[in-house]
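A look at the structure
Listed below are the residues making up each chain.
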Amino acid sequence: MYRREARDPARTVPRATYIAVGFLGLFYAFIVWTGLVDCHSHPVWGLEMATGLDLSSVRDLGGLRAALAAAERIDGWVIGFGLDHNVFGGRPVDRALIEDVLDGAPAFLRLYDGHSALVTDAALRAAGVTGPRTFAQRSHLATDADGRLTGHLVEHAAMDLVGEILPRPSHTERRTRLVELLSAMAATGLTGAHVMDLGDLDLVDAVARETVLPVRLRFAPWCMPGADKDALEELVTLQGRGGRHWRVGGVKFFMDGTVEGGTAWLEHPDCHGQGTDAFWPDPSAYSDAVRHLHRAGVRTATHAIGDAAVRHVLDTVESLGPGSHLAHRVEHIESVPDDTVGRFAGLGLIASMQPPHTGYTRADRSDEWSLRLGDERASRAWRLRDLRDAGAVVALGSDWPIAHYDARAVLATARTPRGAASARAGLTGLQALEGCTTHAGLAAGEAAFAGRIAEGFRADLTALGLDPVDAPADEVAEAPVRLTVTGGQIVHRGA
Ligand SMILES: [Zn+2]
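Residues numbered from 1 in each chain as written. Predicted model: local features only at pLDDT ≥ 70, side-chain atom pairs only at ≥ 80, totals over all residues. Heavy atoms only, no water.

Attention now moves to the overall build of the protein chain. Looking only at helices and strands, one finds 17 helices and 21 strands in the protein chain. Expressed along its principal axes, the backbone C-alpha trace of the protein chain runs to roughly 70 × 50 × 45 Å. Across the protein chain, contacts joining residues at least 24 apart in sequence account for 73% of those joining residues at least 6 apart. Summed over all atoms, the accessible surface of the protein chain reaches about 18,600 Å², with 49% contributed by carbon and sulfur. Separation between the mean location of the 49 positive side-chain charges and that of the 63 negative ones in the protein chain comes to 5 Å. (Helix = DSSP H or I, 4+ residues; strand = E, 2+ residues; numbered from the N terminus. Contact = heavy atoms within 4.5 Å. Areas by Shrake-Rupley, 256 points an atom, 1.4 Å probe, with all protein chains shown as cover. Lys, Arg positive; Asp, Glu negative; His and termini not counted. Charge placed at Lys NZ, Arg CZ, Asp CG, Glu CD.)

Next comes the structure, spelled out in structure tokens:
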């Protein structure tokens, strides 16, 4: 086994060039790196989120209507996912635009960002939903000017009303799909994923007892608004539960929703006058919950897309005092001003970002994300490089199923961001690789035994057919994956 100590784990990936690694009597001569990690993914919850008709390639309303008219029914339902806000061309998301092609079938269509869904009248009736509701979190059932339910369910609590009655695949089917998915992830070079939800631990445990999980999973259960002391203590108790290649580590919060959905928490409203509310109706209750978990030694990760949301997380971490350096992280950070960028390194707050999401915006800023934010804020799209240059730890991921899980696409888009972010400098090849290796280790609090190749470290390795640091980004995106090893087990062997 090749060993080399990195001088500074936050800065340096051991460069093991053309080394031979022996496993199970087989010898391979490739460029072997410490295993790639997706720092934000939903492989278990996503099995449900990515159920039914894949609408991600639909571009306009005509395309959506045609896809729905031809859609296969699942127990009478039309279920779809990956629907882009841009399909509606700026119109309000409304069931009236699709109901006539569905023949009265109940339909549940997830918007691509995972933060809202469009359902039909039949679906609302099946769930017993007849009018607006109020929730403990910032979530609502959208209505039109006449007070009619449009079928647009905004944020988790609203989506759950109908989501809970959807037909579910059997346990056996889910077990098979989980193994298939994790194997496909390993085939792109992934050895680990930071799972930003609780998933279904019984399912994961059952699979892990039967077979070797191809990708190491680290689950961060959600803490939602309204959580009392008992709920927080329950989250503390869950920490460390695990088995081979899986464990619970950390807690996930939401401070806002998404820009496209009008639920990002912004310092100034978007072009529709939306985006001025936090997901926690009382943001100070969020800070109290983080402080409680921090005292219990629990790492937190907070979804914060808008500038006001990110600022609130920074302020909260600043209030924690000793022990907070590199113990907490922010997910997404899609548009922030200079003064916010500068605070990350000083506070040791980890930035966790998903470069493939830049592909949902357009360089000419004609997309929903850019239009809502306006030119000034859209010009600050995904400041990966600025955060790195300011000294922050920047961990990278895909947020599958929001974007494809392919680790090579994460590396490539981190170097050449798309759409509204394409005018900004991307990361260097080394910085991108660090985002999925050393910085991934730091983001999980595992830097002492993960994220590089060294004695006593995890035997998680990825062998690509080229050097991801020096090869051009577009070649990295297509790189052959020769070998993926998780916990000393070969979980993928390429051609
Ligand atoms: Zn996510």
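Residue position: aspartate 467 is located in the loop between strand S19 (461-464) and helix H17 (473-477). Here the side chain of aspartate 467 touches valine 469 through a polar contact of 2.8 Å, landing on its backbone nitrogen. (Polar contact = N/O pair within 3.5 Å; in protein donor to acceptor, adjacent residues only side chain to side chain.)

Our focus in this paragraph is the coordination of the zinc ion. At 2.2 Å from the zinc ion lie its protein donor atoms, namely His40 (NE2), His42 (NE2) and Asp399 (OD). Linear spacing of the donor residues for the zinc ion on their chain is H-x1-H-x356-D. Of this pair, histidine 42 sits in the loop between strand S3 (36-41) and helix H1 (45-49) while aspartate 399 sits in the loop between strand S18 (394-396) and helix H14 (407-415); the two residues are 357 residues apart in sequence, bridging distant segments of the chain. With respect to class, histidine 42 is no different from aspartate 399; both count as buried. (Donors = N, O, S within 2.8 Å, 3.2 Å for Na, K, Ca; no water. Buried < 20%, exposed > 50% of the residue type's maximum accessible area, 1.4 Å probe, protein only.)

Taking strand neighbours across the sheet as the criterion, the five strands line up as S3-S10-S11-S13-S12 in an open arrangement whose pairing is mixed. Bordering the open sheet on either side are S3 and strand S12 (242-243), each of which pairs with just one other strand. Bridge count between S12 and strand S13 (residues 246-248): two bridges; the pairing is antiparallel. Opposite glycine 243, over in S13, you have tryptophan 246 as the bridge partner. Packed on one face of the sheet, helix H6 (residues 201-210) meets strand S11 (216-219) and S13 and runs near 155° to S13. (Pairing = 2+ DSSP bridges. Axes fitted to C-alpha atoms, helices over the stretch in contact; angles between N-to-C directions.)

A few words now on the packing of aromatic side chains. Aromatic rings considered in pairs are described by the distance between their centres and by the relative angle of their planes. Evaluation of the coordinates by the stated rule reveals ten aromatic pairs. Judged by centre distance (3.8 Å) and plane angle (25°), the rings of tyrosine 112 and tyrosine 360 are stacked. Taken together, the positions of tyrosine 112 in the loop between strand S6 (107-111) and strand S7 (116-119) and tyrosine 360 in the loop between strand S17 (350-353) and helix H12 (368-378) put the pair 248 residues apart, joining distant regions of the chain. Among the residues examined, tyrosine 112 registers a relative accessible area of 7% and is labelled buried. Measuring from ring centre to ring centre gives 5.2 Å for phenylalanine 253 and tyrosine 286, while their planes differ by 85°; the resulting arrangement is edge-to-face. Taken together, the positions of phenylalanine 253 in strand S14 (residues 251-254) and tyrosine 286 in helix H8 (residues 283-295) put the pair 33 residues apart, joining distant regions of the chain. Take phenylalanine 253 and tyrosine 286: they sit in the same class, and that class is buried. Taken together through their ring pairs, the aromatic side chains of Trp45, Trp222, Phe254 and Phe279 make up a single cluster. (Phe/Tyr/Trp six-rings, centres within 6.5 Å; stacked < 30°, edge-to-face > 60°.)

Evaluation of the coordinates by the stated rule reveals three cavities of 30 Å³ or more. By volume, the largest cavity amounts to about 210 Å³. What lines the largest cavity is a set of 26 residues, and nearest its centre among them are Asp113, His115, His332, Asp399 and Ile402. Those elements giving two or more residues to the lining of the largest cavity turn out to be H1 and S14. In terms of residue class, the lining of the largest cavity is built from eleven nonpolar, ten polar and five charged. Counting the residues that make up the lining of the largest cavity, at least three belong to each of domain 1 (19-44 + 174-493) and domain 2 (52-163). The computed volume of the second largest cavity comes to approximately 120 Å³. Along the walls of the second largest cavity sit 16 residues, with Arg218, Gly249, Gly250, Arg329 and Ala443 positioned nearest its centre. Elements with a contribution of two residues or more to the lining of the second largest cavity: strand S10 (190-195), strand S15 (300-304) and strand S16 (328-332). (1 Å grid on protein atoms, 1.4 Å probe; cavity = no way out; pocket = protein on both sides within 12 Å on 5 of 7 lines; lining within 4 Å. Points joined across faces, edges and corners; volume = space filled by probe spheres on them. Nonpolar A, V, L, I, M, F, W, Y, C, P; charged D, E, K, R; others polar. Domains from an automatic or database assignment.)

What follows deals with the UniProt feature "domain: Amidohydrolase" (unreviewed entry) in the protein chain. Look at the UniProt record and you will see "domain: Amidohydrolase" (unreviewed entry) annotated at residues 32-492. What you have in residues 32-492 is 31% helix and 19% strand, and the ends, taken at the C-alpha atoms, are 14 Å apart. (UniProt positions renumbered as here; feature names shortened; annotations may be inferred.)

All right, on to the nonpolar core then. The biggest cluster of nonpolar side chains holds 92 residues, and the ones touching the most others in it are Phe219, Phe253, Met255, Ile333, Phe344, Leu387 and Leu396. In terms of residue count, the dominant contributor to this core is helix H9 (residues 307-318) (six residues). Residues within four places of isoleucine 333 in sequence aside, it is in contact with Ala304, Ile305, Val310, Phe344, Ala351, Ser352, Met353, Trp382 and Leu387. Among the nonpolar cores identified, the runner-up in size contains 19 residues, and Leu55, Leu64, Val78 and Leu109 belong to it. (Core = buried A, V, L, I, M, F, W, Y, C linked by side-chain atoms within 4.5 Å.)

With that out of the way, let us pick up the environment of alanine 304. Residue placement: alanine 304 occurs in strand S15. Judged by its relative accessible area of 0%, alanine 304 falls in the buried class. Remark: the alpha-carbon pair of alanine 304 and arginine 408, spanning 104 residues in sequence, is separated by 25 Å. For alanine 304, the contacting residues outside a window of four places in its chain are Met255, Asp256, Ala309, Val310, Val313, Val330, Glu331, His332 and Ile333.

With that settled, the discussion passes to helix H2 (residues 61-69). Residues spaced three or four apart along an α-helix face the same direction, because each turn holds 3.6 residues. All buried positions along H2 are accounted for by Leu61, Leu64 and Leu68. One side of H2 holds all its buried residues, which, seen down the axis, span an arc of 60°. Looking at the buried positions of H2, the neighbouring elements they touch are strand S4 (53-54), strand S5 (78-83) and S6. (Arc of directions from axis to C-beta.)

Counting across every chain of the model gives 30 salt bridges. The salt bridge partner of arginine 218 is glutamate 446, with a shortest N-O separation of 3.0 Å. Pair noted here: arginine 218 is in strand S11 and glutamate 446 is in the loop between helix H16 (438-443) and S19, with a separation of 228 residues, a long-range link. Across the pair, glutamate 446 and arginine 218 agree in class, each one buried. Arginine 372 is the partner of glutamate 368 in a salt bridge, and the nearest nitrogen-oxygen pair spans 3.4 Å. Of this pair, glutamate 368 and arginine 372 both sit in helix H12, four residues apart, which is roughly one turn of the helix. Here the two residues glutamate 368 and arginine 372 agree in accessibility, since each one is buried. A cluster of three or more residues bridged by salt bridges with shared partners is formed by Glu48, Arg168, Arg174 and Asp200. (Salt bridge = Lys/Arg side-chain N within 4 Å of Asp/Glu carboxyl O.)

By the definition in use, this model includes zero disulfides. Just so you know, cysteine 39 is unpaired, no disulfide at all, and the nearest cysteine sulfur is the one on cysteine 436, 6.2 Å from it. On the accessibility criterion, cysteine 39 (0% relative accessible area) is buried. (Disulfide = S-S within 2.5 Å.)

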